[in-house]
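In case you want the letters, here they are:
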Amino acid sequence: MNDPDRGRAIRADDRAHVFHSWSAQRHIDPLPVAGAAGSYFWDYDGNRYLDFSSQFVNINIGHGYPKVVAAIVEQASRLCTIAPHFANDRRGEAARLIAEHAPGDLDKVFFTNGGADANEHAVRMARLVTGRPKVLAAYRSYHGATHATMHLTGDPRRWPTDSGTEAVARFFAPYLYRSAFHATTEAEECARALDHLKQVIQLEGPGTIAAILLEPIAGTPGVLVPPPGYLAGVRALCDRYGVVMIADEVMCGFGRTGAWFAVDHWSVVPDLITFAKGVNSGYVPLGGVIISARIASEFDDRPYPGGLTYSGHPLACAAAVATIRAMREEGIVEHAAWLGDHVLGPGLRSLAEAHPAVGEVRGLGVFWGLELVRNRATRQMLVPYAATAAQSAPMNEVVALCRKRGLWPFTNFNRLHVVPPCTMTESEAREGLEILDEALAVADRHVVDG
Ligand code: PLP
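Residues numbered from 1 in each chain as written. Predicted model: local features only at pLDDT ≥ 70, side-chain atom pairs only at ≥ 80, totals over all residues. Heavy atoms only, no water.

Below, the discussion takes up the environment of Ser179. Mapped onto the elements of the fold, Ser179 is located in the loop between strand 6 (168–171) and helix 7 (186–204). Separated by 166 residues in the primary sequence, Ser179 and Gly345 place their C-alpha atoms 23 Å from one another. A distance of 2.6 Å separates polar atoms of two side chains, one belonging to Ser179 and the other to Glu189. (Helix = DSSP H or I, 4+ residues; strand = E, 2+ residues; numbered from the N terminus. Polar contact = N/O pair within 3.5 Å; in protein donor to acceptor, adjacent residues only side chain to side chain.)

Our focus in this paragraph is the environment of Trp159. Structurally, Trp159 can be placed in the loop between helix 6 (147–152) and strand 6. For the pair formed by Trp159 and Asp43, sequence separation is 116 residues and the distance between their alpha carbons is 34 Å. With residues up to four places along the chain from it excluded, the contact list for Trp159 reads Tyr385 and Ala386. (Contact = heavy atoms within 4.5 Å.)

What follows covers the site of the ligand. The environment of the ligand is made up of Gly114, Gly115, Ala116, Asn119, Tyr142, His143, Gly144, Glu215, Asp248, Val250, Met251 and Lys277. Measuring from an oxygen atom of the ligand, one finds a backbone N or O atom of Ala116 at 2.8 Å. Here the ligand loses 80% of its free accessible area of 400 Å² to cover by the protein chains. Sorting elements by how many residues they give to the shell around the ligand places helix 5 (residues 115–130) first, with three residues. Within the shell around the ligand, the residues separate by chemical class into four nonpolar, five polar and three charged. (Near = heavy atom within 4 Å. Areas by Shrake-Rupley, 256 points an atom, 1.4 Å probe, with all protein chains shown as cover. Nonpolar A, V, L, I, M, F, W, Y, C, P; charged D, E, K, R; others polar.)

With mixed pairing, the seven strands of this open sheet are ordered in space as 4-10-9-8-7-5-6. The two strands at the open ends of the sheet, each matched to only one other strand, are strand 4 (106–112) and strand 6. Averaged over all pairs of adjacent strands, the angle between strand axes in this sheet comes to 25°, irrespective of strand direction. Pairing geometry for strand 9 (residues 272–275) and strand 10 (residues 287–292), over four bridges, is antiparallel. By the bridge assignment for strand 10, Phe275 is matched with Gly288. (Pairing = 2+ DSSP bridges. Axes fitted to C-alpha atoms, helices over the stretch in contact; angles between N-to-C directions.)

Turning to empty space enclosed by the protein, a few remarks are in order. Tallied over the full model, the rule gives three cavities of 30 Å³ or more. If you add up the space inside the largest cavity, you get close to 120 Å³. Forming the boundary of the largest cavity are 13 residues, of which Ala173, Leu214, Glu215, Pro216 and Ala218 lie nearest the centre. Looking at the lining of the largest cavity, its residues break down into ten nonpolar, one polar and two charged. Two domains each put at least three residues into the lining of the second largest cavity: domain 1 (4–64 + 331–444) and domain 2 (66–329). (1 Å grid on protein atoms, 1.4 Å probe; cavity = no way out; pocket = protein on both sides within 12 Å on 5 of 7 lines; lining within 4 Å. Points joined across faces, edges and corners; volume = space filled by probe spheres on them. Domains from an automatic or database assignment.)

This brings us to the nonpolar core. Tyr230 and Leu436 are the most contacted members of the largest nonpolar core, which totals 96 residues. Here the element with the most residues in this core is helix 10 (residues 314–329); it accounts for ten residues. Residue assignment places this core across two domains, with domain 1 (4–64 + 331–444) and domain 2 (66–329) each supplying three or more. With sequence-adjacent residues up to four places away left out, Leu436 is seen in contact with Phe52, Leu348, Leu351, Cys402, Leu407, Leu416 and Val418. Counting 22 residues, the second-largest nonpolar core is a separate cluster that includes Ala126, Val244, Ile295 and Ala296. (Core = buried A, V, L, I, M, F, W, Y, C linked by side-chain atoms within 4.5 Å. Buried < 20%, exposed > 50% of the residue type's maximum accessible area, 1.4 Å probe, protein only.)

Now for the packing of helix 12 (residues 393–404) against helix 13 (residues 426–444). Pairs of packed helices are described in terms of their axes, by the angle between the two and the distance that separates them. Relative orientation of the contacting elements helix 12 and helix 13 amounts to 150°, with a least axis distance of 8 Å. In terms of axis orientation, helix 12 runs roughly antiparallel to helix 13. Where helix 12 crosses over helix 13, the two elements pack in a sense that is right-handed. Between helix 12 and helix 13, the contacting residues are Glu397, Val398, Leu401 and Cys402 on the first element and Ile435, Leu436, Glu438, Ala439, Val442 and Ala443 on the second. (Parallel < 35°, antiparallel > 145°, perpendicular 65-115°, else oblique. Left-handed = near helix turned anticlockwise from the far one by under 90°.)

Helix length check: helix 13, at 19 residues, gives a terminal C-alpha distance of 26 Å against a target of 27 Å (1.5 Å per residue), a fit within 8%. Those residues of helix 13 that fall on the buried side of the exposure criterion are Glu428, Ala429, Gly432, Leu433, Ile435, Leu436, Ala439, Leu440, Val442, Ala443 and Asp444. (Expected span 1.5 Å × (residues − 1).)

With their axes 10 Å apart at the nearest point, helix 11 (residues 332–354) and helix 13 run at an angle of 20° to one another. The orientation of helix 11 relative to helix 13 falls into the category roughly parallel. When the axes of helix 11 and helix 13 are compared, the crossing they make is right-handed. Of helix 13, the residues touching helix 11 (which contributes Trp338, Leu339, His342, Val343, Leu344, Gly347, Leu348, Leu351 and Ala354) are Glu426, Ala429, Arg430, Leu433, Leu436, Asp437, Leu440 and Asp444. The residue makeup of the contact of helix 11 with helix 13, split by class, is eleven nonpolar, two polar and four charged.

Here we take up the pairing of strand 6. Pairing of strand 5 (residues 134–138) with strand 6 involves four bridges; the strand directions are parallel. Directly across from Val135, in strand 6, lies its bridge partner Val168. Regarding topology, helix 6 serves as the crossover connection from strand 5 to the parallel strand 6, and that connection is right-handed. (Right-handed = clockwise from strand over helix to strand, strands pointing away.)

Our next topic: the sheet that holds strand 1 (residues 33–37). As summarised here, the arrangement of the four strands in space is 1-2-3-14, forming an open sheet in which the pairing is mixed. Bordering the open sheet on either side are strand 1 and strand 14 (407–408), each of which pairs with just one other strand. Inspection of the sheet shows strand 3 (residues 48–51) paired to strand 14 by two bridges, in the parallel sense. Residue pairing for strand 14: Asp51 is matched across the bridge by Trp408.

Below, the discussion takes up helix 8 (residues 230–241). Over its twelve residues, helix 8 runs 17 Å from end to end, which matches the ideal 16 Å to within 8%, given 1.5 Å per residue. Looking only at helix 8, the buried set comprises Tyr230, Leu231, Gly233, Val234, Arg235, Leu237, Cys238 and Tyr241. Where helix 8 is buried, its residues meet strand 6, helix 7, strand 7 (209–214) and strand 8 (244–248). Phi for Gly242, located one or two positions after helix 8, is positive at around 65°.

A separate point is the domain arrangement of the chain. Here the domain parsing of the chain yields domain 1 (4–64 + 331–444) and domain 2 (66–329). Computed from C-alpha atoms alone, the centre-to-centre distance between domain 1 and domain 2 is 25 Å. Every contact between the two is made by 42 residues of domain 1 and, on the other side, 45 residues of domain 2. For the pairing of domain 1 and domain 2, the buried interface totals around 3,300 Å² over both sides, and the portion due to carbon and sulfur atoms is 61%. A per-residue breakdown of the area domain 1 buries against domain 2 is headed by Trp22, Val333 and Phe367, which together make up 21% of the total. Summed over the shared surface of domain 1 and domain 2, the result is one salt bridge. Of the charged contacts, one joins Glu371 and Arg178 as a salt bridge, the two residues approaching to 2.8 Å between their closest N and O atoms. Linking domain 1 with domain 2 are 23 residue pairs in polar contact (both at pLDDT 80 or more). Elements supplying a minimum of two residues to the side of domain 1 that touches domain 2: helix 2 (54–57), helix 11, strand 11 (358–364), strand 12 (367–375), strand 15 (410–412) and strand 16 (415–418). (Buried area = accessible area lost by both parts, 1.4 Å probe. Salt bridge = Lys/Arg side-chain N within 4 Å of Asp/Glu carboxyl O.)

Structure below.
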């Protein structure tokens, strides 16, 4: 759309009145977006962007998927909202479809408005059923921005609000590229990370630990794919010490990794799975907790102490039903797996060969992370962990080149994440890889000999 005057007016309202997340308000310039379809969105100045970020890694089905839009319109014309204590057709169907894809005996769904409150409730359930206070959460994790989930989060966004009041103890999850355990193979990393976790449990006191909360593939911290055996090992530790295993699949669930849930890659069944984002691509806010039969049964006769006005909102659930049905009927999850195996994975690995600034490529499905470095041998990051705005300049140059060429990437500190919609076509993915090839040449300029 070409209407720069409208773009300017939107920008003026935004700058005057919208208070943005995570930002120093004077230092941002949000792009006014006019529309979006499929893998693209566009502004009011005639620029179109290939969405390699899926916004906040949430539009798994792409922008404006017609069947999902139609389902929301149909639902809006019939019943926009109804309080959570009523039964509702779309709410029930969404819960059933989610349960059908969930592993093991996870069969009931508590709906929330997004990912953070899903984690809040999962942790509350774990504390109630165990009668224990503490939660173990990983360094290099993101679990949300409410009070408790900010404390559970293991990234620098926690630091300004961390009051140390949430009974959280922390552990290192596997990250072979920057191993906390001086491991050099996946097998070593797996064994040492599990031994470390066991020691944390033993030293914290097993009888004090309600839950281990972890992202099966940590997303924002770098698309950290665990070595084979790690999640099964966590499951075994949870069983041994009576700890509830909570898998935060808010980012990695619903097709992102080329499976319905990331835990499916290793056939691991957690006690609770939290979800949001991809469940309906965020067309209407929705999240939730998928609950095992054992934990759900704890609340058969005693009330669950928690709820939300919009729990199971019909518009959001109608969008979830249409999304899950479309994903099922059209093989969208399988397509995401294919795209990862045949286009993104090989394409990114060959970019890594060509560009010395790429230290490592890791991922699966439509969930990839590139670790950008100044030196491959020392693995010095292109910009430091918790980089300030000034330190981020080299990454900003990479992003600027991408945007100039019409690609919208996702970045976090020294990492570039390739996280397009599951519905992206092969030719769109290749178009994005070509632009990344140019952008990585910008990063290469910062490479120094070790
Ligand atoms: N958990 C994970 C793994 C996430 O990536 C996010 C958001 O990015 C959240 C929780 C929080 O979700 P929300 O922003 O919907 O509250």
